[in-house]
Protein chains: 6
Amino acid sequence: MNPFDFTQVLTQAVDELSDCADMKDLFHQHRQGDPLPSGRVLEDVVALCRAVLFPGYYGHSTVNSRTVEYRIGVDVERLYTKLCEQIEAGLCFSRPAGTDEPACAENRAKAAGIAAAFVSRLPGIRRTLATDVEATFLGDPAAVNCGEVILCYPVIKALTNYRVAHELLQLGVPLIPRILTELAHSETGIDIHPAAQIGHHFTIDHGTGVVIGATCIIGNYVKLYQGVTLGAKSFPLDADGHPIKHIPRHPILEDNVIVYSNATILGRITVGRGATIGGNLWVTEDVAPGARLVQR
Amino acid sequence: MNPFDFTQVLTQAVDELSDCADMKDLFHQHRQGDPLPSGRVLEDVVALCRAVLFPGYYGHSTVNSRTVEYRIGVDVERLYTKLCEQIEAGLCFSRPAGTDEPACAENRAKAAGIAAAFVSRLPGIRRTLATDVEATFLGDPAAVNCGEVILCYPVIKALTNYRVAHELLQLGVPLIPRILTELAHSETGIDIHPAAQIGHHFTIDHGTGVVIGATCIIGNYVKLYQGVTLGAKSFPLDADGHPIKHIPRHPILEDNVIVYSNATILGRITVGRGATIGGNLWVTEDVAPGARLVQR
Amino acid sequence: MNPFDFTQVLTQAVDELSDCADMKDLFHQHRQGDPLPSGRVLEDVVALCRAVLFPGYYGHSTVNSRTVEYRIGVDVERLYTKLCEQIEAGLCFSRPAGTDEPACAENRAKAAGIAAAFVSRLPGIRRTLATDVEATFLGDPAAVNCGEVILCYPVIKALTNYRVAHELLQLGVPLIPRILTELAHSETGIDIHPAAQIGHHFTIDHGTGVVIGATCIIGNYVKLYQGVTLGAKSFPLDADGHPIKHIPRHPILEDNVIVYSNATILGRITVGRGATIGGNLWVTEDVAPGARLVQR
Amino acid sequence: MNPFDFTQVLTQAVDELSDCADMKDLFHQHRQGDPLPSGRVLEDVVALCRAVLFPGYYGHSTVNSRTVEYRIGVDVERLYTKLCEQIEAGLCFSRPAGTDEPACAENRAKAAGIAAAFVSRLPGIRRTLATDVEATFLGDPAAVNCGEVILCYPVIKALTNYRVAHELLQLGVPLIPRILTELAHSETGIDIHPAAQIGHHFTIDHGTGVVIGATCIIGNYVKLYQGVTLGAKSFPLDADGHPIKHIPRHPILEDNVIVYSNATILGRITVGRGATIGGNLWVTEDVAPGARLVQR
Amino acid sequence: MNPFDFTQVLTQAVDELSDCADMKDLFHQHRQGDPLPSGRVLEDVVALCRAVLFPGYYGHSTVNSRTVEYRIGVDVERLYTKLCEQIEAGLCFSRPAGTDEPACAENRAKAAGIAAAFVSRLPGIRRTLATDVEATFLGDPAAVNCGEVILCYPVIKALTNYRVAHELLQLGVPLIPRILTELAHSETGIDIHPAAQIGHHFTIDHGTGVVIGATCIIGNYVKLYQGVTLGAKSFPLDADGHPIKHIPRHPILEDNVIVYSNATILGRITVGRGATIGGNLWVTEDVAPGARLVQR
Amino acid sequence: MNPFDFTQVLTQAVDELSDCADMKDLFHQHRQGDPLPSGRVLEDVVALCRAVLFPGYYGHSTVNSRTVEYRIGVDVERLYTKLCEQIEAGLCFSRPAGTDEPACAENRAKAAGIAAAFVSRLPGIRRTLATDVEATFLGDPAAVNCGEVILCYPVIKALTNYRVAHELLQLGVPLIPRILTELAHSETGIDIHPAAQIGHHFTIDHGTGVVIGATCIIGNYVKLYQGVTLGAKSFPLDADGHPIKHIPRHPILEDNVIVYSNATILGRITVGRGATIGGNLWVTEDVAPGARLVQR
């Protein structure tokens, strides 16, 4: 083929690809003035959260006890600005198609309020993450110190994203929380739905392949290994054959449960306090407190 | 050791490391004028494909129904230019060592032809991906809308790369398709060989750890969960003890099959229409249509 | 909420987040003049190692037999400079809190010495990686040639990081080796502890989800598939309930062992020469040489 | 000095430097939500204007007659978005200190209106710039073709910025036009105030050191050489000793005037049609049409 | 104006701006496969030339006597690659409109030959620049050492670009040499036409505003100060009123001439050996050897 | 020429270009561990100085009265870190060739001390620059407000660099001050030697082509226009024919002097208080206080 014929190929392909009627759900029409959800800006949001929550470990910053206030002040302020934009983007993106104009100014104000509320919850998020760091350090003989855990262990990255995303979801932010947890999923192989509820002193070893579903409830002092699935067994369909939303369908893990690698726990069952699930198991029924299941 | 002695260490190490006779297969000698395969340029190719296939979702573009043609026009044109270069790079890179000069100009023309053919197939790729988006949305109660699926779900990213790579492979492009699917593998943990054949309405939930081998044949409306392997059980060796290429050695999944998390299906077996494979299973023999296998 | 009230929210959150007493282990205080461990610089280190070890494949360089010495010379020199900084950063970062000043100049000299020693070991690292490339190519019928293996296969990326990190760890570098292997973990889903000992002609197919623990000993000609765990079964605690460090607790795999996907091998057990472990198995006891375990 | 004492130096300097009372005019307090004037975004604006006005010369774009519409469509759309932001930033930045809230939403709407009006004037700007290109080409024996003039000659860059800035100033945009002409001043050494009025077929040879004041009026077919000043001789002060604004104080150059290098023409004088001013002259009185002034 | 009407404004402006008939010389139509002249790539070319010509001063490289060969080897190789592309771009860009296809492959080969010839002239360029550095250092009491001259003095940057561009022009490269000297013009305010002929031990103090025309001939040991113009007084027009190309119209400065700041020397006159021209003078007639002109 | 012969051209050119004996002063040999002077880092230094001195105008920062302390704290800390490195680089770069090792650690400590001293002088620098801003605003009828002056006027950029560089020079820093003023020279066309002494309320209108020599002494309330040279007339040579350093050779301008565009004032003469020098003049003798010189 003569490369100079490409212009014709191009214009025809562009015509087909630009046919709006044909695209339907695959095309998101932008409304003038709306900010856009941006994976790149949200990576900055994550980086700023990590810098603020673990000063001196993230952010490549040379902080000490006297200068840490400057650094955190600037980072929180930048975090707030980026969050305002992205929360507004999430609100706009999820707006039903026919909605009229004024919603936009409302979204801006609403986003600013949510971002401020989130900022005020950051100290609480740090307190919980401190317990996760402690549990991770105490749970791994190979861990040299807490610094190594914070800098190197994927679980801390995944939990930071999850705890931030969970807080935003609770504050009513659409779409953005899920993008945040997917960023961690891509980075660590750990897939935690932002709607899951997870207690303190939680840890995951190695982590690749872990899945924690949207309606999971996980207690305190729980430990998972790589490849563990806390999933749904099946889900009821509505009259149209579509899955019904918001039905509890993932497991409850009570305090002090341990689940070994590649175990699969499915459905709204309860794994009782202190139970241990062996690796590569397939569990679809309640497990008694203190039980120890292993592969035969 | 005195750091000022480093120059000697350096020159000796460089001498050893530059010894061509010693390197053999580890050294790719470049021929003047050949373009190079570039992971970074191919990331741009992926980004452009996503922007063109899902306008308004990828590409950070503020498109609406009247401006979408401009945007797609520019993106397709840039995609074509980058593809020409990378396809040519693939052709050059895979050229046998002793090949003589004229091949180069031929490769350039051949690459331009392939790139144009690929562009003309983009509308078809979008039509198939639309079915994958639909299957993903309908298959997950946690999915809020198609927009969330397109923006957040790893499976859509992995399938976009796969469907693009598969098309390029069918057009005779060496090396590049595999780099494209490995980019998705690194991003999502989903490893689909570009030579695999996959029908429409395909989806994978969560996805980390999924492996789909080169000679797999997957029907329509198939769903996999995380950690599923569709692999080879063993492979015959030739007289030199090297594995024989191009022998069908991966499973066939017929329409409407579901495979749960961490199941391993190996060898050229057939999983019949509508069968369900439970999690953590090890399957090496044919499965009857409609069968339901679970871990005992 | 009025967005103009945010300044008050900000200052209060900053006050809380800057409270050093409250942060303890989550805050790394920087000492004037110390370099910082940097994931980004270490990504450069990895890129330079790959460029030096596999010239023409990595580094986007147009080398041929007459120019390869220039390129390797420059890259090794840059690698050395970046390593000096990062090794020093690792030494400083891991220094006990109360240590006094002079250590710093010592760390600089020590880091330069280690970096030079590392450079002199690069040819040896390449010789071992050449066997891994060979094993990977011979073990996969889908592999077209060694070039494809080097460019596309995650195992080569993961092993390059591991073999570099292992060498640095043996030279006494703290923290940095673990960051290097975690970079590969994030990129490939393969998690190899830098302290593990691994022979030549080693390969991993696909790789996502593989875990190789710190005290593993792996012989020559060993092959793993995706999702394989070589982990610890349990670990003894000291009087304070903390896990005791440095106890051998991961498996020994002798020469020519093959482990199929998602198998879990736990504890200081020995898998004998030439044994084969089937997929999805849970193995916690010694396996005899030549044995073939499969899921029932 | 002991470097560890720096923290004290730092905190004291920061205290002094943050004292708002002390800073007055040197500190611009930001109001939540206002966009900021950005030299970097305005460089993008300039780049987009150049790409749209001279397609194929700027913007590194591979346009031809069939694809130029896509490219211009995308570039104009991006230009509009960036202009909206920067015009709003200019309006906000120039708002008197005590102004109350609602102005902000008004500024946003006003900025969008101005940006749209500017876009509709782009074809006219191009028509004028085409005459400047022609005059430049015809006026320089060293010019090979119009392409060289557009790509290489500083005057075209300076005039593009000026004509864009002048249009924005006429549309009521504060601050931004001056930043745009200063970008060209820094790039080319040609300093044209955006308020100056300049006819068609205007050109400047070489250009470094040229100054064209705010109230200049320049006819058609005028040519200046490097180092020419069209300035103010003096300006009346008000009762407070401050210069009075908006008084015509710069020269009028009628059609077909030529001014040679380093000539200085000061005050509200008129240089008559077709006059020639020799180099290095100091002119402060009217010059008759057709006159030829030279240094004695 | 309602911002939502912008789409209509946009489409109309795009239609007008895309009208090819209307654009004529302002639109450069790209031919598939041609590389594009790129200011950014040429900035890299300049940076590489500086790094190669003044090792250790430019290129941020940590070279010493044993490693300098690696660094120069790599930089020359990269310089060659970028030059091949840009020379080809210059040849393509300047090709008459109706030229047919085969020219393209020829351009590629021709560009490679020119780039190689240029590389072989680099040592000669360095020898001449060494004399310019010496003249600059000896001519300025404020100069601390040659290092300061090389790193800080604009004249060295301008002369490096000029001597590189002059060599390329002599080798028959269109367009690119002029872009190179304009890069220096923008950076330093010194405007030297690449066709000018300049001897060794040449220097310019400060330099802003200096103009050296295309047909200038400058001897050895010449020194100019800022603001000096060596220009054309007038130029004959052809029958169409267009200036006639290639006529000598700029001054000849013999050896050891000094010209002080802001002097203007116009026309094909000769300033004799050892003459001194005072500042702010306007010179349009021959100056005798050894003469000293000053402003009265 | 066959492009495949290039390797030979390359190796020969590299050999010639790497010949250390041949390069002498053009080659700066690097000593292991020394930081390098970096124009890019110094651009950051300038940007940080501007952000700290004019908060809200530079640094793209959204500061208000309550957050300004965070921002200035972080910026001063970053400024200090970068200055330490660059001051040390300046000290190392200017070290005589044969100097032995220990100097390096001394340079580090010395650099830290100088950087801290500089930081403590920043408030004083701001107080002086505030008078320059005021003089600029009051001296130009076209200036809308001080904000426009700070954001747009080249003189403020040039004076900021000069006042910073002058302070560093006084603190004993070699090389770096000159690079800083050359950055401003390139950006604004205003060339002020860092050793010049300049009083408060100083301003330059437009500025391109202004030169202020190293031994100039300028009083308070002085105003220059574009193209003004304050230079040396001639300078005595030593026995070797080299110019003698450190001799006062540039003009003294007393308080309230005004110099119009393109005037050239040369030699150690005194322009008396309140004198006015007209444009395009050549002045080499003392000017009486209150005198008004104009071109005849």
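Quick caveat, the model's predicted, so the values are computed rather than measured.

(A) Here's a closer look at the packing of helix H3 (residues 39-53) of chain B against helix H4 (residues 68-93) of chain B. Residues and elements named next belong to chain B. One can describe the packing of H3 onto H4 by two numbers: an axis separation of 9 Å at closest approach and a directional angle of 150°. The angle between H3 and H4 places the two elements in the roughly antiparallel class. In this structure, the crossing between H3 and H4 has a hand that is left-handed. In contact with Val41, Leu42, Asp44, Val45, Leu48, Cys49, Ala51 and Val52 of H3, H4 contributes Ile72, Asp75, Val76, Arg78, Leu79, Lys82, Leu83, Glu85 and Gln86. Each residue belonging to the contact of H3 with H4 can be placed in one class, and the counts come to 11 nonpolar, one polar and five charged.

(B) Geometry of the packing of aromatic side chains. For the structure on display, the rule yields 30 aromatic pairs over all chains. Aromatic side chains B:Trp282 and C:Tyr260 sit 6.1 Å apart centroid to centroid with 65° between the ring planes, which places their arrangement in the edge-to-face category. Taken together, the residues B:Trp282 in strand E13 (residues 282-283) and C:Tyr260 in the loop between strand E9 (258-259) and strand E10 (264-266) connect one chain to another. On the basis of relative accessible area, B:Trp282 is assigned to the buried category, the value being 16%. What links up through ring pairs into an aromatic cluster is the set A:Tyr225, A:Tyr260 and C:Trp282. Over the aromatic face of E:Tyr58 sits the side chain of E:Arg50, whose NZ or CZ is 5.9 Å from the ring centroid.

(C) Inspection of the relation of the copies chain F and chain C at higher detail. With an RMSD of 0.0 Å, the operation that places chain F on chain C is a rotation of 180° combined with a shift of 0.0 Å along the axis. Viewed as a symmetry operation, the transformation between the two copies matches a two-fold axis. Taking C-alpha positions as the reference, the residue of chain F nearest the rotation axis is F:Ala105, at 4.2 Å.

(D) Structural context of the pattern of salt bridges. All names here are of chain C. Throughout the structure, instances matching the rule amount to 57 salt bridges over all chains. With its nearest N and O atoms 3.0 Å apart, the salt bridge here joins Glu187 to Arg50. Of the two residues, Glu187 sits in helix H8 (residues 176-188) while Arg50 sits in helix H3 (residues 39-53), which places them 137 residues apart along the sequence.

(E) Just the interface of chain F and chain C, in detail. Across the boundary between the two partners, chain F contributes 13 residues, which contact 13 residues of chain C. Taking both partners together, chain F and chain C bury about 1100 Å²; carbon and sulfur atoms supply 55% of that area. At the boundary of chain F and chain C, one finds zero residue pairs in polar contact (both at pLDDT 80 or more). For the side of chain F that touches chain C, the secondary structure elements donating two or more residues are helix H1 (6-17) and helix H4 (68-93) of chain F. A total of five residues in the side of chain F that touches chain C trace back to one element, the largest contributor, which is H1(F). Considering only residue class, the side of chain F that touches chain C consists of five nonpolar, six polar and two charged.

(F) The sheet that holds strand E13 (residues 282-283) of chain E, seen in detail. Residues and elements named next belong to chain E. Read from one edge to the other, the open sheet built from five strands follows the order E1-E4-E7-E10-E13, with strand pairing classed as parallel. The open sheet has two free edges, formed respectively by strand E1 (191-192) and E13, since each of these has just one partner strand. Bridging between E1 and strand E4 (residues 211-212) involves two bridges; their strand directions are parallel. Bridging across to E4, Ile192 finds its partner in Ile212.

(G) Looking closely at the relation of the copies chain A and chain B. With an axial shift of 0.0 Å and an RMSD of 0.0 Å, the rotation relating chain A to chain B amounts to 120°. The relationship between the two copies is best expressed as a three-fold rotation axis. Interface residue correspondence from chain A to chain B reaches only 12%, placing this contact among heterologous pairings that use different surfaces.

(H) Just a negative patch on the surface, in detail. On the surface, a cluster of negative charge is contributed by A:Glu69, C:Asp15, C:Glu16, C:Asp19 and C:Asp22. Turning to its location among the elements, C:Asp15 is positioned in helix H1 (residues 6-17). Relative accessible area serves as the criterion here: at 49%, C:Asp15 is assigned to the partly exposed category.

(I) Structural context of the environment of C:Phe118. All names here are of chain C. Turning to its location among the elements, Phe118 is positioned in helix H5 (residues 103-138). A relative accessible area of 0% means that Phe118 is categorised as buried. Distance in space between the C-alpha atoms of Phe118 and Leu168 is 6.9 Å, their sequence separation being 50 residues. Setting aside residues no more than four positions away along its own chain, Phe118 makes contact with Cys49, Leu79, Leu83, Ile125, Val164, Glu167, Leu168 and Leu171.

(J) Representation of helix H7 (residues 154-170) of chain B in the model. Helix length check: H7(B) (17 residues) gives 24 Å between terminal C-alpha atoms against 24 Å at 1.5 Å per residue, within 8%. The buried fraction of H7(B) is high, at 15 of 17 residues.

(K) Region of the structure containing helix H4 (residues 68-93) of chain E. Compared with an ideal rise of 1.5 Å per residue, which puts 26 residues at 38 Å, H4(E) spans 36 Å between its outermost C-alpha atoms and is within 8% of the ideal. Taking burial as the measure, the 26 residues of H4(E) include 21 buried ones, the bulk of the element.

(L) Expanded view of the sheet that holds E13(B). Residues and elements named next belong to chain B. What the five strands build is an open sheet, ordered E1-E4-E7-E10-E13; its pairing is parallel. The open sheet has two edge strands with one neighbour each: strand E1 (191-192) and E13. Pairing of strand E7 (residues 229-231) with strand E10 (residues 264-266), which is carried by three bridges, proceeds in the parallel orientation. From the neighbouring strand, Thr229 faces E10, where its bridge partner is Thr264.

(M) The arrangement of the interface of chain A and chain B in detail. Counting from both sides, the interface comprises 52 residues of chain A and, opposite them, 60 residues of chain B. Approximately 4700 Å² of surface area, both sides summed, lies buried where chain A meets chain B, with 63% of it carried by carbon and sulfur atoms. Broken down residue by residue, the surface that chain A buries against chain B is led by A:Leu17, A:Leu26 and A:Trp282, which jointly contribute 17%. Our count for the chain A to chain B interface comes out at zero salt bridges. Here chain A is connected to chain B by 16 residue pairs in polar contact (both at pLDDT 80 or more). Where the side of chain A that touches chain B is concerned, the elements lending two or more residues are helix H1 (6-17), helix H2 (20-23) and helix H8 (176-188) of chain A. Element by element, the count of residues in the side of chain A that touches chain B is highest for H1(A), at eight residues. Of the residues contributing to the side of chain A that touches chain B, the split by class is 24 nonpolar, 18 polar and 10 charged.

Criteria and cut-off values
- Residues numbered from 1 in each chain as written.
- Chains lettered and ligands numbered in written order.
- Predicted model: local features only at pLDDT ≥ 70, side-chain atom pairs only at ≥ 80, totals over all residues.
- Heavy atoms only, no water.
- Axes fitted to C-alpha atoms, helices over the stretch in contact; angles between N-to-C directions.
- Helix = DSSP H or I, 4+ residues; strand = E, 2+ residues; numbered from the N terminus.
- Parallel < 35°, antiparallel > 145°, perpendicular 65-115°, else oblique.
- Left-handed = near helix turned anticlockwise from the far one by under 90°.
- Contact = heavy atoms within 4.5 Å.
- Nonpolar A, V, L, I, M, F, W, Y, C, P; charged D, E, K, R; others polar.
- Phe/Tyr/Trp six-rings, centres within 6.5 Å; stacked < 30°, edge-to-face > 60°.
- Buried < 20%, exposed > 50% of the residue type's maximum accessible area, 1.4 Å probe, protein only.
- Lys NZ or Arg CZ within 6 Å of the ring centre and 35° of its normal.
- Least-squares fit on C-alpha atoms with pLDDT ≥ 70 in both.
- Salt bridge = Lys/Arg side-chain N within 4 Å of Asp/Glu carboxyl O.
- Buried area = accessible area lost by both parts, 1.4 Å probe.
- Polar contact = N/O pair within 3.5 Å; in protein donor to acceptor, adjacent residues only side chain to side chain.
- Pairing = 2+ DSSP bridges.
- Patch = residues over 30% accessible without salt bridge, like charges linked within 9 Å, V, L, I, M, F, W, Y side chains within 5 Å.
- Areas by Shrake-Rupley, 256 points an atom, 1.4 Å probe, with all protein chains shown as cover.
- Lys, Arg positive; Asp, Glu negative; His and termini not counted.
- Charge placed at Lys NZ, Arg CZ, Asp CG, Glu CD.
- Expected span 1.5 Å × (residues − 1).

Any link to function would need more than the numbers given here.
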